[in-house]
Number of protein chains: 2
Amino acid sequence: MSLEITFLGTGSAYPSPSRGASALVLRREGQCWLFDCGEGTQTQLMRSHLRAGRITKIFITHLHGDHFFGLPGLLCTLSLQSNPDASKAPVDIYGPLGIRSFLWRSLELSHSQLLFPITVHELVPTRDQCPAEEFKDFSSLDRGEEIPRGPPGRVLHLDPEEDSYLLVEEEQLVVRAFRLFHRVPSFGFVMEEKPRPGKLNVQKLKDLGIQPGPSYGKLKSGTAIVLENGATVSPWDVLESPIPGRKICVLGDCSGTVGSGAERLCRGADVLVHEATLGDGQTDKARQHGHSTPGTAAELARRCRAKRLVLTHFSQRYRPAGQAGDGDSDVTELKRQAEARLDGQEVTLAEDFMTIEIPMKR
Amino acid sequence: MSLEITFLGTGSAYPSPSRGASALVLRREGQCWLFDCGEGTQTQLMRSHLRAGRITKIFITHLHGDHFFGLPGLLCTLSLQSNPDASKAPVDIYGPLGIRSFLWRSLELSHSQLLFPITVHELVPTRDQCPAEEFKDFSSLDRGEEIPRGPPGRVLHLDPEEDSYLLVEEEQLVVRAFRLFHRVPSFGFVMEEKPRPGKLNVQKLKDLGIQPGPSYGKLKSGTAIVLENGATVSPWDVLESPIPGRKICVLGDCSGTVGSGAERLCRGADVLVHEATLGDGQTDKARQHGHSTPGTAAELARRCRAKRLVLTHFSQRYRPAGQAGDGDSDVTELKRQAEARLDGQEVTLAEDFMTIEIPMKR
């Protein structure tokens with residue numbers, strides 16, 4: 001089953017012609033999940049190989065404009081390009097408390113009536129996710145008004161034991177959020193596939209006298225079978241170890257993590273997407289603005305033993321490698337800074353429209 | 001004094017890579033006035049020869065997303081790129097009632113504190129500017145909350161005698177709005193320069209015995225002078241007819257006008273920018289969606305005796321002339337349809353980044 005990430009916007013602060021505002025798509029089994037939706041994301045989608053109509057879930061890391069101002073426009077365009085279909089499942093939108101009010105007000109004031117349902121689930125941040133003076137309580141905004149044409153969403157509170165938020169649990173995967181520290185409360189998201197059953201051990205099956213056929217399928221799918229001699233064979237008797245699923249972590253803007261959720265959830269990530277707004281030489285400035293450098297990102301990747309670190313959300317002064325002019329900063333320097341902290345493990349610099357495939361484990 | 005219009009977005013409904021969402025800039029004496037601000041306008045500005053920091057006024061024709069969803073992002077980016085300056089004049093924003101609530105909510109929820117003041121002036125539409133069932137009353141939204149860091153704006157009601165709204169009156173120019181009919185209330189804007197004094201009639205001055213010098217300047221600027229013989233010479237005695245100013249009309253989406261304002265205010269326009277979403281062959285469909293065809297636009301231009309009609313806001317199916325593929329509609333057909341109604345008078349098709357200069361009259 002293919003799994004890939006496509007970056008649609010890799011610039012910080014605002015969209016520019018060389019780097020769009022934050023957005024990336026995780027595509028799995030034909031479904032697209034959008035992480036962040038800065039202004040211009042719908043146009044970046046049109047420029048990419050992806051089909052916006054395949055978006056079924058949207059995750060917003062935090063409420064800075066360059067991460068969510070593109071959301072109303074994207075939804076309106078999706079609606080224009082869709083047909084009314086009463087049976088269509090809602091597009092689920094997850095984001096910090098306040099995202100619902102923004103969407104509701106934008107759709108209401110623009111006289112937009114979406115032709116498909118949306119459901120907005122809001123994550124309630126904790127006060128330690130930003131400087132005390134920056135914290136705003138949006139819990140009472142527009143509470144009386146429901147977004148038209150969508151079932152009500154959930155209000156998600158931190159599970160203090162797990163130090164995380166459970167967003168999605170499906171047969172094959174789980175999505176959780178964890179807390180980050182930024183100028184405003186920010187979140188990271190982890191999509192983790194559940195382990196698949198291991199391979200059938202053909203030698204063991206032969207030893208038990210089980211012939212290839214329907215019994216193999218039952219055992220593989222986790223069902224015990226009874227032999228002609230009355231003995232029961234459990235899947236565990238004939239299956240190799242389960243094959244782990246893939247784990248993708250996408251972090252919002254941050255100068256660090258809050259609590260233990262990030263480190264626990266990102267452990268062994270196949271891909272860790274982390275912001276690196278400025279170079280290590282500007283660590284103080286980055287931290288002051290709630291941002292990371294390659295060093296910050298690599299440090300988390302090292303602690304989590306992430307298999308691949310991808311840096312994104314670069315200051316607009318870093319042009320893509322091929323487009324840099326004389327006065328521009330050299331983005332490859334950020335790569336070197338991160339790799340230095342990871343004993344040379346290769347680090348990837350995201351660019352708009354770059355796609356990374358994550359192969360299944362075997 | 002130079003005066004030019006630059007189109008930043010000429011597509012309808014949503015921004016695409018070939019046509020941005022609605023936006024155009026009127027540049028006069030170094031100041032930029034933005035008309036509409038669809039999603040992506042800030043990026044289109046970066047791609048153009050214009051400097052976003054020169055924007056002093058913004059006019060929004062109506063509250064459909066493709067005409068104003070780019071506004072919060074543009075303001076946030078302008079703020080990021082500006083220095084705090086307590087003496088800076090506010091950026092004036094004019095738009096239909098509701099625009100203030102949208103802006104306020106977007107800035108509040110995105111934790112944005114602009115480094116320059118803005119003042120939002122709201123035009124109160126009349127109920128006959130859209131189908132009765134589409135009309136929404138936004139008069140009570142967020143009334144208690146003032147937009148941070150800006151003096152309060154005006155609430156502008158229709159002047160029933162003039163059938164227009166007076167927005168700006170400066171020494172050299174006046175801006176008025178007039179009513180249009182669309183799916184939601186829509187407005188057109190007219191920027192008209194005041195007439196300049198005519199040339200001095202040198203022969204008459206000689207006949208009166210007035211020598212070149214300070215007297216010439218006084219008379220030219222409209223001040224009477226007293227001759228040595230005690231006679232008073234009025235400017236009217238020695239000036240040619242006043243030289244008319246230029247008149248630029250920018251209309252929002254519409255299937256027609258409401259009242260007499262449009263026709264009166266647009267009379268003799270040097271440039272009339274009118275939407276033409278679909279071709280004349282789809283007049284019924286266009287009207288049903290509150291839109292115009294080249295025929296609708298040309299008909300108004302003809303009645304107003306506009307000197308130059310510019311069509312814009314094309315359905316995204318019309319690619320720019322040089323970029324059209326086999327399956328695309330031919331945009332030049334729209335030009336021919338409009339010209340046919342104007343006895344062959346040349347009509348201009350707007351394209352993104354096209355600039356039109358409007359010379360001073362002499």
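The present account deals with the structure reproduced in this document. Keep in mind the model is a prediction, meaning the values are calculated, not measured.

So, on to the relation of the copies chain B and chain A. For the pair chain B and chain A, the superposition axis carries a translation of 0.0 Å, the fit reaches an RMSD of 0.2 Å, and the rotation angle comes to 179°. These values place the two chain copies in the arrangement generated by a two-fold rotation axis. Within chain B, the C-alpha atom positioned nearest to the axis of rotation is that of B:G40, 2.6 Å from it.

Once that is clear, we can look at the pairing of strand 16 (residues 309–312) of chain A. In the case of a regular strand, side chains alternate between the two sheet surfaces. All names here are of chain A. Neither face of strand 16 is exposed, since L309 and L311 on one face and V310 and T312 on the opposite face are all buried. Bridge count for strand 15 (residues 271–275) against strand 16 is 4 bridges, and the pairing is parallel. By the bridge assignment for strand 16, L272 is matched with L309. The sheet contact formed by strand 16 and strand 17 (residues 347–349) spans 3 bridges and is parallel. Paired with L309 across the strands is V347, a residue of strand 17. Each parallel crossover has a hand, and for strand 16 linked through helix 11 (residues 332–341) to strand 17 it is right-handed.

Our focus in this paragraph is the interface of chain B and chain A. Taken together, the contact pairs 41 residues of chain B with 41 residues of chain A. Carbon and sulfur atoms supply 64% of the area buried between chain B and chain A, which totals about 3,300 Å² over both sides. Put simply, chain B and chain A have 8 residue pairs in polar contact (both at pLDDT 80 or more) between them. Taken together, the elements giving at least two residues each to the side of chain B that touches chain A come down to helix 1 (41–47), helix 2 (65–68), helix 3 (71–80) and helix 4 (99–109) of chain B.

Here we take up unusual backbone geometry. Residues other than glycine seldom take positive phi values, yet A:H313 does so here, at roughly 60°. Topologically, A:H313 is positioned in the loop between strand 16 and helix 11. With a relative accessible area of 2%, A:H313 lands in the buried category. Even without glycine at this site, B:D343 takes up a positive phi of about 50°.

Residue and element names in this part refer to chain A. A full pass over the atoms with the stated rule returns 40 salt bridges over all chains. With a closest N to O distance of 3.8 Å, E263 and R267 form a salt bridge. In this structure R267 comes out as partly exposed when scored by relative accessible area, which is 41%. Salt bridges sharing partners connect three or more residues here, namely R28, E193 and R246.

Quick look at the environment of A:H62 now. Residue and element names in this part refer to chain A. Within the secondary structure layout, H62 lies in the loop between strand 4 (55–59) and helix 2 (65–68). The exposure class of H62 is buried, given its relative accessible area of 0%. Distance in space between the C-alpha atoms of H62 and R183 is 9.8 Å, their sequence separation being 121 residues. Sequence-distant contacts of H62, defined by excluding residues within four places in its chain, comprise D36, H67, F68, P96, H182, V184, P185, S186 and D253. A distance of 2.8 Å separates a polar atom in the side chain of H62 from a polar atom in the side chain of T61.

To continue, consider the packing of aromatic side chains. Enumeration over the complete set of coordinates arrives at 18 aromatic pairs over all chains. With centroids separated by 4.7 Å and ring planes inclined at 75°, the aromatic side chains of A:F68 and A:F102 adopt a geometry described as edge-to-face. Of this pair, A:F68 sits in helix 2 while A:F102 sits in helix 4 (residues 99–109); the two residues are 34 residues apart in sequence, bridging distant segments of the chain. Centre to centre, the rings of B:F68 and B:F69 are 5.1 Å apart; their planes meet at 55°, and the pair counts as tilted. Judged on exposure class, the residue B:F68 and its partner B:F69 are both buried. Three or more aromatic residues link up through ring pairs in this structure, and these residues are A:W33, A:F35, A:F59, A:Y94 and A:F189. Sitting over the face of the ring of A:F116, A:K88 holds its NZ or CZ atom 5.4 Å from the ring centroid.

Residues and elements named next belong to chain B. The strand order 7-6-5-4-3-2-1-18 describes an open sheet built from 8 strands, whose pairing is mixed. Edge strands, defined here as strands with exactly one partner in the open sheet, are strand 7 (155–156) and strand 18 (355–357). Contacts from helix 3 reach strand 3 (31–35), strand 4 (55–59), strand 5 (91–96) and strand 6 (118–123), with the element oriented near 170° to strand 4. Across the sheet, helix 4 is in contact with strand 5 and strand 6; its angle to strand 6 comes to roughly 145°.

Turning our attention to the nonpolar core. Ranked by internal contacts, the top residues of the largest apolar core, which has 66 residues, are A:I58, A:I118, B:I58 and B:I118. Leave out the neighbours within four places in its chain, and A:I58 touches A:L34, A:L71, A:L74, A:L75, A:V91, A:D92, A:I93 and A:Y94.

Let us now look at the pairing of strand 6 (residues 118–123) of chain A. Residue and element names in this part refer to chain A. Burial analysis of strand 6 places 6 of its 6 residues in the buried class, the great majority of the element. By the alternation rule, side chains of strand 6 split into I118, V120 and E122 and T119, H121 and L123, which are all buried. Summarising the sheet, strand 5 (residues 91–96) and strand 6 pair through 6 bridges and their orientation is parallel. Paired with Y94 across the bridge in strand 6 is H121.

Our focus in this paragraph is the packing of helix 10 (residues 294–304) of chain B against helix 11 (residues 332–341) of chain B. All names here are of chain B. Contact geometry of helix 10 with helix 11 gives a least axis separation of 8 Å together with a crossing angle of 35°. Once helix 10 is placed against helix 11, the crossing between them reads as right-handed. Residues P294, G295, A298, E299 and R302 of helix 10 pack against L334, Q337, A338 and R341 of helix 11. Among the residues forming the contact of helix 10 with helix 11, the class breakdown is 4 nonpolar, 2 polar and 3 charged.

Residue and element names in this part refer to chain A. The mixed open sheet is built from 8 strands, whose spatial order is 7-6-5-4-3-2-1-18. The strands lining the two open edges of the sheet, one partner per strand, are strand 7 (155–156) and strand 18 (355–357). Set on the sheet, helix 3 (residues 71–80) makes contact with strand 3 (31–35), strand 4, strand 5 and strand 6; between it and strand 4 the angle comes to about 170°. Lying over the sheet, helix 4 contacts strand 5 and strand 6, oriented at roughly 145° with respect to strand 6.

Our focus in this paragraph is helix 4 of chain B. A large share of helix 4 of chain B lies buried, amounting to 10 of its 11 residues. Turning to helix 4 of chain B, its buried residues are B:I99, B:R100, B:S101, B:F102, B:L103, B:W104, B:R105, B:S106, B:L107 and B:L109. Next to the buried residues of helix 4 of chain B lie helix 2 and helix 4 of chain A together with helix 2, helix 3, strand 5 and strand 6 of chain B. Trailing helix 4 of chain B by a residue or two, B:H111 shows a phi angle of about 55°, which is positive.

Looking now at a positive patch on the surface. Residues and elements named next belong to chain B. On the surface, a cluster of positive charge is made up of R196, K199, K220 and R362. Among the secondary structure elements, K199 is positioned in the loop between strand 10 (186–193) and helix 5 (202–207). Residue K199 is classed as exposed on the basis of its relative accessible area of 52%.

Conventions and cut-offs
Residues numbered from 1 in each chain as written. Chains lettered and ligands numbered in written order. Predicted model: local features only at pLDDT ≥ 70, side-chain atom pairs only at ≥ 80, totals over all residues. Heavy atoms only, no water. Least-squares fit on C-alpha atoms with pLDDT ≥ 70 in both. Buried < 20%, exposed > 50% of the residue type's maximum accessible area, 1.4 Å probe, protein only. Helix = DSSP H or I, 4+ residues; strand = E, 2+ residues; numbered from the N terminus. Pairing = 2+ DSSP bridges. Right-handed = clockwise from strand over helix to strand, strands pointing away. Contact = heavy atoms within 4.5 Å. Buried area = accessible area lost by both parts, 1.4 Å probe. Polar contact = N/O pair within 3.5 Å; in protein donor to acceptor, adjacent residues only side chain to side chain. Salt bridge = Lys/Arg side-chain N within 4 Å of Asp/Glu carboxyl O. Phe/Tyr/Trp six-rings, centres within 6.5 Å; stacked < 30°, edge-to-face > 60°. Lys NZ or Arg CZ within 6 Å of the ring centre and 35° of its normal. Axes fitted to C-alpha atoms, helices over the stretch in contact; angles between N-to-C directions. Core = buried A, V, L, I, M, F, W, Y, C linked by side-chain atoms within 4.5 Å. Left-handed = near helix turned anticlockwise from the far one by under 90°. Nonpolar A, V, L, I, M, F, W, Y, C, P; charged D, E, K, R; others polar. Patch = residues over 30% accessible without salt bridge, like charges linked within 9 Å, V, L, I, M, F, W, Y side chains within 5 Å. Areas by Shrake-Rupley, 256 points an atom, 1.4 Å probe, with all protein chains shown as cover. Lys, Arg positive; Asp, Glu negative; His and termini not counted. Charge placed at Lys NZ, Arg CZ, Asp CG, Glu CD.

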